[in-house]
Amino acid sequence: MDRVYNQGVCGPFVHQIDPVIGEIASIYLWWYGASYTIGLLGAFFWIKRVRASLDYDLRSVYALTIFLCLGVLLGGRIVEVIFYEWPYYRNNLWHIAAIWIGGMSTHGVLLGAAASVWLFCRSRGKAFLPIADQLAIAGAYIMGMGRLGNFIDGQIAGSITDVCWAVQFPDLEGFRHPVVLYDGLKNLLLVPVLLFIGSRRPPRGVVLGHFILWYGFLRIFVDLFREYRTDLLGLPPGQEFNILMSIVGLTLIMWAHKTQSREQSPD
């Protein structure tokens, strides 16, 4: 770009971060994987902390964490392959399992996590909404850490810009919006918001509903700085998911409050 940046105030960043932490026995350790590992460990410790209120023993906490990890990996990968990169993987089927090629879809991560928690609750005879409310808080943390991993890996560049915090990503021309950091900051800021909502003892499902609503609604604006291919109704796949999440989250909040009012009303 031709713009001259004021380096005394701020300046563009040329991304030269090595995405590989190190190598052990010919196995590469990636920052992207480490970021999700840290996020999932955070979820484990959070569930362990609140397990008494959920009537979960320690064995159930470990089992739920395994379900959650599998759901995150499978859901994130499946949605990424089918909705975002199918033209490539259709001709390279052997790369579908190579999760280090192309990464995972964040919307798929959320869908996979929700499905795995539902399956866990169904198999153990546990109520879904109480644990889903707690995992919504952990989920915001996981998604925030995952976005940091995306940035270190040089993934998900935004549109070209001349803002002073622009980033030049590997193999891309021009300085671009670091949208992955915008989204990561948004996710991490949801954590204290959800903690505050949960502290007010809302009806079951409200914390989850707020997570779904604000994750999707706020990301609509973050994704305006991305370069997407358009799809249904002239919208990119990510925006379609964002709009759907906003609707689902708002509906869940309204349903939860309506259900509580019905239960508390005299016969």
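Our subject is the structure that appears above.
Let us look at the structure shown here. (Residues numbered from 1 in each chain as written. Predicted model: local features only at pLDDT ≥ 70, side-chain atom pairs only at ≥ 80, totals over all residues. Heavy atoms only, no water.)

Right, let's get into the overall build of the protein chain. Secondary structure assignment for the protein chain yields 8 helices and 4 strands. From first element to last, N terminus to C terminus, the protein chain shows the α and β order β-β-β-α-α-α-α-α-β-α-α-α. The C-alpha radius of gyration computed for the protein chain amounts to 20 Å, which stays within 12% of the reference 18 Å derived for 267 residues, consistent with globular compactness. Along the first, second and third principal axes, the C-alpha set of the protein chain runs to 70 × 45 × 40 Å. In the protein chain, which comprises 267 residues, the proportion classed as buried is 46%. Contacts in the protein chain between residues far apart in sequence, at least 24 positions, make up 67% of those at least 6 positions apart. Of the roughly 14800 Å² of accessible surface on the protein chain, 65% is carried by carbon and sulfur atoms. (Helix = DSSP H or I, 4+ residues; strand = E, 2+ residues; numbered from the N terminus. Rg over C-alpha atoms; globule rule 2.2 N^0.38 Å. Buried < 20%, exposed > 50% of the residue type's maximum accessible area, 1.4 Å probe, protein only. Contact = heavy atoms within 4.5 Å. Areas by Shrake-Rupley, 256 points an atom, 1.4 Å probe, with all protein chains shown as cover.)

Phi at Ser 26 takes a positive value of approximately 70°, unusual for a residue other than glycine. Looking at the secondary structure, you find Ser 26 in the loop between strand 2 (20–24) and strand 3 (27–30). Look at Arg 201: it is not a glycine, yet its phi comes out positive at around 50°. Relative to the helices and strands, Arg 201 resides in the loop between helix 6 (179–199) and helix 7 (206–222).

This part takes up the nonpolar core. By size, the foremost hydrophobic cluster in this structure holds 45 residues, and its most contacted members are Tyr 56, Leu 64, Leu 68, Ile 131, Leu 135 and Phe 211. Only helix 1 (31–54), helix 2 (58–84), helix 4 (106–124), helix 5 (128–152), helix 6, helix 7 and helix 8 (237–264) provide two or more residues apiece to this core. Examining the composition of this core, we find that 10 residues originate from one element, helix 5, more than from any other. Residues within four places of Ile 131 in sequence aside, it is in contact with Ile 47, Leu 54, Tyr 56, Leu 64, Val 117 and Cys 121. (Core = buried A, V, L, I, M, F, W, Y, C linked by side-chain atoms within 4.5 Å.)

Sheet analysis places strand 2 next to strand 3, joined by 4 bridges and oriented antiparallel. For Gly 22, the partnering residue across the bridge sits in strand 3 and is Leu 29. Taking the residues between adjacent antiparallel strands as the criterion, strand 2 and strand 3 are bridged by 2 residues, where Ala 25 takes a positive phi near 50°. (Pairing = 2+ DSSP bridges.)

For the rest of this paragraph, the subject is a nonpolar patch on the surface. Residues Ile 66, Leu 70, Leu 74, Ile 78, Ile 82 and Phe 83 make up a contiguous nonpolar surface patch of roughly 600 Å² in combined accessible area. Within the secondary structure, Phe 83 is located in helix 2. (Patch = residues over 30% accessible without salt bridge, like charges linked within 9 Å, V, L, I, M, F, W, Y side chains within 5 Å. Salt bridge = Lys/Arg side-chain N within 4 Å of Asp/Glu carboxyl O.)

Attention shifts here to the pattern of salt bridges. Overall, the coordinates contain 3 salt bridges when judged by the stated rule. Taking the shortest distance from any N to any O, the salt bridge between Arg 147 and Asp 183 comes out at 2.8 Å. Separated by 36 residues along the polypeptide, Arg 147 in helix 5 and Asp 183 in helix 6 bring together distant segments of the chain. The buried category is assigned to Asp 183, whose relative accessible area is 1%. Close ionic contact of Arg 219 with Asp 223 constitutes a salt bridge, the shortest N to O distance being 3.1 Å. By relative accessible area, Arg 219 is classed as buried at 2%. By relative accessible area, which is 5% here, Asp 223 ends up buried. A single network of salt bridges, built from pairs that share partners, joins Arg 147, Asp 183 and Lys 186.

This part covers the side chain of Thr 65. Topologically, Thr 65 is positioned in helix 2. Residue classification places Thr 65 among the buried residues on the basis of a relative accessible area of 13%. Excluding anything up to four places from it in sequence, Thr 65 contacts Phe 44 and Ile 47.

Without other data, these values stay purely geometric and don't point to any function.
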